Every structure is written in structure tokens, then in C-alpha cells.
Amino acid sequence: MAELWQLDAAALAKAVRDGEASAREVVDAHLARIEAVEEDVHAFITLTPEIARAQADEVDRKRAFGERLGPLAGVPTALKDIFCTDGIRTTAGSRILEEYVPPYDGTATIKVREAGMPLLGKTNQDEFAMGSSTENSAFGVSRNPWDLARVPGGSSGGSSAAVAAGMAPITYGTDTGGSIRQPASLCGVVGVRPTYGLVSRFGLIAFASSLDQIGPFARTVRDAAAALYAVAGHDPRDSTSIAQAVPDYVASIDKGVNGLRVGVVKEGMGEGAQPAVVARVQEAAERFAGLGCSVDEVSLPSFDLALSAYYLIAPAECSSNLARYDGVRYGYRADDPRDVMDMNMRTRAHGFGDEVKRRIMLGTYALSAGYYDAYYGKAQKVRTLVIRDFDAAYEKFDFLICPTSPTTAFKIGEKADDPLAMYLSDLFTIPTNLAGSTGISVPCGLADDGLPVGLQLLGPPLSEELLFRAGYAFEQDLGPLPDPPLWGAR
Amino acid sequence: MALTREEVLHVARLARLAMSDDEVERFRGQLSAILEHAARVTEVVTDDVPPTSHPLPLVNVLREDVVEPSLSQEKSLSTAPESEDGRFKVPRIIEEQ
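Not measured: the values here are computed from a predicted model.

1. Some details on the overall build of chain B
Scanning chain B for helices and strands turns up three helices and two strands. Mapped from its N terminus to its C terminus, chain B presents α and β elements in the order α-α-α-β-β. Taking 2.2 N^0.38 as the reference for a compact globule, 97 residues should give roughly 13 Å; the C-alpha atoms of chain B span a radius of gyration of 23 Å, well beyond that estimate. C-alpha atoms of chain B, sized along the principal axes, occupy 50 × 45 × 30 Å. Computing the positive centroid from 11 side-chain charges and the negative centroid from 19, chain B places the two 5 Å apart.

2. A look at the confidence of the model for chain B
Of all residues in chain B, 97% attain a pLDDT of 70 or more, and the chain-wide mean is 92. Prediction confidence for the complex, expressed as pTM and ipTM, is 0.97 and 0.95 respectively.

3. Topic: the sheet that holds strand β9 (residues 399-403) of chain A
Working definition: the strands of a sheet are paired by backbone hydrogen bonds and lie parallel or antiparallel to each other. Residue and element names in this part refer to chain A. In spatial order, the strands read β1-β3-β2-β4-β6-β5-β10-β11-β9-β7-β8; together these eleven strands make up an open sheet with mixed pairing. The two strands at the open ends of the sheet, each matched to only one other strand, are β1 (44-47) and β8 (294-298). Across the sheet, the mean angle from the axis of one strand to that of its neighbour is 25 degrees, orientation sign disregarded. As defined by bridge partners, β9 adjoins strand β11 (residues 452-459) across four bridges and the pair is classed as antiparallel. Looking at the pairing, Pro403 lines up with Leu455 of β11.

4. Examining empty space enclosed by the protein
Residue and element names in this part refer to chain A. Evaluation of the coordinates by the stated rule reveals one cavity of 30 Å³ or more. Taken as a whole, the largest cavity spans an internal volume of roughly 60 Å³. Along the walls of the largest cavity sit 13 residues, with Gly131, Tyr310, Tyr311, Arg359 and Asp426 positioned nearest its centre. Each residue belonging to the lining of the largest cavity can be placed in one class, and the counts come to five nonpolar, six polar and two charged.

5. Here we look at the interface of chain B and chain A
On the chain A side, the residues contacting the 52 residues of chain B number 63 residues. In this assembly, chain B packs against chain A so that about 5100 Å² is buried in total across both faces, 70% of it on carbon and sulfur atoms. Of all residues in chain B, the largest losses of buried area upon contact with chain A belong to Arg16, Ile34 and Val41 of chain B, amounting jointly to 12% of the total for that side. One can count four salt bridges joining chain B with chain A. For the pair chain B and chain A, the number of links is 21 residue pairs in polar contact (both at pLDDT 80 or more).

6. Considering helix α2 (residues 23-41) of chain A
Residue and element names in this part refer to chain A. A maximum bend of about 40 degrees is found in α2 at Glu35. The set of residues buried in α2 consists of Ala23, Val26, Val27, Ala29, His30, Leu31, Arg33, Ile34, Val37, Glu38 and Val41. Residues of α2 that are buried in the fold lie against α1 (9-17), β1, α3 (49-64), β3 (119-123) and α5 (157-164). Count one or two residues on from α2 and you reach His42, which has phi positive near 50 degrees.

Cut-offs applied
Residues numbered from 1 in each chain as written. Chains lettered and ligands numbered in written order. Predicted model: local features only at pLDDT ≥ 70, side-chain atom pairs only at ≥ 80, totals over all residues. Heavy atoms only, no water. Helix = DSSP H or I, 4+ residues; strand = E, 2+ residues; numbered from the N terminus. Rg over C-alpha atoms; globule rule 2.2 N^0.38 Å. Lys, Arg positive; Asp, Glu negative; His and termini not counted. Charge placed at Lys NZ, Arg CZ, Asp CG, Glu CD. pLDDT = per-residue confidence, 0-100. Pairing = 2+ DSSP bridges. Axes fitted to C-alpha atoms, helices over the stretch in contact; angles between N-to-C directions. 1 Å grid on protein atoms, 1.4 Å probe; cavity = no way out; pocket = protein on both sides within 12 Å on 5 of 7 lines; lining within 4 Å. Points joined across faces, edges and corners; volume = space filled by probe spheres on them. Nonpolar A, V, L, I, M, F, W, Y, C, P; charged D, E, K, R; others polar. Contact = heavy atoms within 4.5 Å. Buried area = accessible area lost by both parts, 1.4 Å probe. Salt bridge = Lys/Arg side-chain N within 4 Å of Asp/Glu carboxyl O. Polar contact = N/O pair within 3.5 Å; in protein donor to acceptor, adjacent residues only side chain to side chain. Bend = angle between axes of the 7 residues up to and from the residue. Buried < 20%, exposed > 50% of the residue type's maximum accessible area, 1.4 Å probe, protein only.

The structure is reproduced here in C-alpha cells:
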């Protein structure tokens, strides 16, 4: 008999609905699991056990009164610490927001609560979502449940590690350049970067506004589909949110992939990636052929250039968004300022970490007089080329595959002093963000180093339903990955 | 694409970041390396390519001009480092005559 914390979200929700376990018991099992492994993993910045128990009790009360429960009622979750939560400290992984307690909830926070998902806590992340390892968190690095000496990926690494370690069956993060898919890949879990505008960003602390998007982590594709469905949809409070009905992803998930056309992205299968990673993705391509898909190679010539464009566009937007941390309305303020300029300069110097400072300066430079056209303007044109490449590919293919990350999880400290090397871990995820389209990372086996490899499925805007179908068919055919070593730890 | 010390200091001041000499030197090297990589975009021929600033073709998303509930003054000020008489308080901006 599996322990409650080992069950996936679909099984937990069913157990609660059928009265086999109370929501309170489910939450307590996860809190006990957190108690057992959090010291090793450090997935959380803030834990909220009282809130989780109260929300679980509310689900149990509803059930006792015969009220209808939603598909994820009683399934505990955790939110990246960049989602505003009313009355719960929200740091974005930054010292500048170390004591920030939002006076309101973001839309995603509200939707998760209304789905009846008890909130276990706020997960660790790279500061302001800038990074690929959680090493840029002001609150310490998270560790990969597959190997505690390695990073869980980032920036949403606390959310991916929590799911991989059995601390929560579903968590949420944000993906601006790969910050959901890359940590999902490194931790051997499913991660979804939805289409730009599918999930409301009201109450989400902004990094790069034309790229940021909220999405879920889970241990199965079906759970990920249910988790996205719970938060997706139009929101009048986010003017970039898409006004369109959201299909029930779970209802159509087992329709299979027979007859679909799969493109294998040539630029993702070369020397830029670890050979064992390429090998697993090649096997995945063969598996899709076995499932009745036609599989062919496709070239996206601008794939490499996307990284360069991203590191002008994202910093430019971040330099503008993070101008709000001025020591006036919220967050840290430097002591005894001489004047406003001194207050701004010392507040930001103390409050921000190195990576955030680097990106703010890069963006400020790219937007400054004399460089705007050459850098920022040019990067925006390259962005158009990336979109054109995808458009051409989707005329011939229903979805594309390539590795999520060029490598498996790297050692803590390995890339910490070389920002450019760190940026390269997002090489294969960034084009999707520039295009505003969608991508899912699904585990596709282990590399020769014993660490999980993520298969990335890419589709045009609003193709989530298709990607979930494809990911589910693949996952069912492949069978489960071995459990991470930490799974057995008590 | 090597940045000079002066350029780093200029950008840091524009971005309102106080910076020690050591930091200026460290960021100078790192930013130069990143910019060298990013500058690959400048070599791409894009004469007939329009820029993309945003992935959705949205313009002027408006709502009806009716008053809706929003954060109270008290709640808005609850997060401020310093406030007084219902306002955010900052160091003096205008000199006394």
C-alpha cells in the first residue's frame, strides 16, 4: 500500500471524493513528508501548514455537506514565491522583498484556492525568476532529489524539486525563458509552459512582461493537464489574457497520436547537447513512430540566435519592470538616505543580487541612447524570424520535439561564476517564449549518469490539448521512470 | 565588445545601482562577455523584417468606465517602508527657499 504522499493528484482527489481519505489526512501526510525531506531539498521559502490544514478542513466540510467537489479538491499544492498571496510573505527570491506581505491575492492564487487545493507553502526560486538553478535565490539553493549535490534547475526549481521529492503532487511556477520546462527536465517531472496569455498574470510579480507565463508541475501528464485547466482562462484584470474558452484537457487526453506529424528539431540534436540526452530524444522519436506518427527532421535556422535576442529583450523588459523597487511603496529601503537618489541607489544595491543587477544593467544598456536600434530593435526583428521559423514548421508538422535541456542536472556551483554558461541551459526552451507559444517537458528516461532526461514537446499557440495528448501517449507507452533515490528516504 | 569602466558606471547610475570598485570591475568583464554573445543579432540581415514587441496581436484592451472595488488606501500603504497622513513618505525632494 503506497503512502498518501506517493499518490498522484488524480488518485488523491479520487480518494477524497470517495471518502477513503480526508483532505486533512492528505495534507498531513504531505506536511509529514516535507518535515522528513525539506532539510535536504530546501524546496520552500515559506511553509503555510495552518493555512493548508484550514483549507483541507473546508474541503472535508463541503464533502460532509454533500457539496460537489472539483476535480482537484483536496490535492495539496505549492506556489512559486513570485505569486502574490494575501497575508503570506512573497519574496520573489529577493532580499528586496524579504519582508513583503502582499495585501491581495493574484488571480492564479485565487483559482488554486477555489479549486480546493490546500496551499502547503511558497517555493524557492532564482531571484525574480532570473536563473536556471535556484543558486540566485537570496534564501539558499534548492537541491535535486535525484542527487543532492546537483541543482534542481530553475528558476522554478523549488516547485520542481517539491514534486520530485513527493512533497506536493502539483506545484506552480513561471516560465519566461524555460523556467518551468528546464527544472521539470532536471528533476524528472512534467512541466508545462502554456501559451502566452492563457493563464492570468494579475498578481504575478513581473520579470519580462512579453515573455512571462504561469504553468504547472506534476508527476504525470494527466495531473499536469488537470493542474493547468484549474488556472487557465480569461481574466479582465490582465489585459494580455486571451478571451477564449479553455478546453477540458483531461477529457481528451487519451485520444492517442495515430496519424500525427512529428518534427524533430535538428538544431536540438547536435553537438550542443549531451550525447545521452540526444539518444533518449532520438528513442522518443522512434517511439512516436511506433505509436502511428509520421516522424521527420525539421530545421529552425533561428533557434541559436533566439538565445542572443532573448538576452537583450528579457533584460530590457526587466530593467523597466524592476524600476518599481525604489524603496518607496513596498520592500526594503536603505537606512538614513541623504536624498531620494541616494535612497534609490543604496536600496537597490543592497536589495538585489548579482544576477538581477547584471540583467538590469544589460537591459539599461540595450535601451540606452545610441544602442536602442542596434541591440533592442535588432533583437525584436530576430524575434519575428523565430516566429516565422515556427510558423513554417507548423505548416508541415502537428508538433515538434527536441531535448528540453542540453544537459542533465549540473553540480551546485558548477556554473555559478559563469553567467553565459548558465544562460546556455535555456538554449532549447527560449524560442518558445519569444514566439509566445507552448511547450511541455515530459521525462523520457535516464542518461548514462543516472539522471533524468526531459523530452520537450512544442506546439503552436493554444495547442495544449494536443501536446497533453501526445505527452500522455508517450508517457503511457514508455512506462514510469525509476523513483529518485530520495523517494525511499523517510 | 569590451565595456569601459566609465560605461559600466554610467549604466549603473542610469539603473540606480550604487556600486563598489570591485563590482564595477567584475560586472565589466561579465557584461562584456554576455554582450559579445548577444551582439550576434546585429549581424543578421533583417531589412524587410518588422519588429515583434509582443506575441499577441492585441491593441487597446478597454473596459467599461465604471468604478470597481480596488485596494483601500490603508492596505496600499500597509507595505510602505514609511508613510504619514495617508501618503508614502520619502526624503525631501524640493529644497527650502
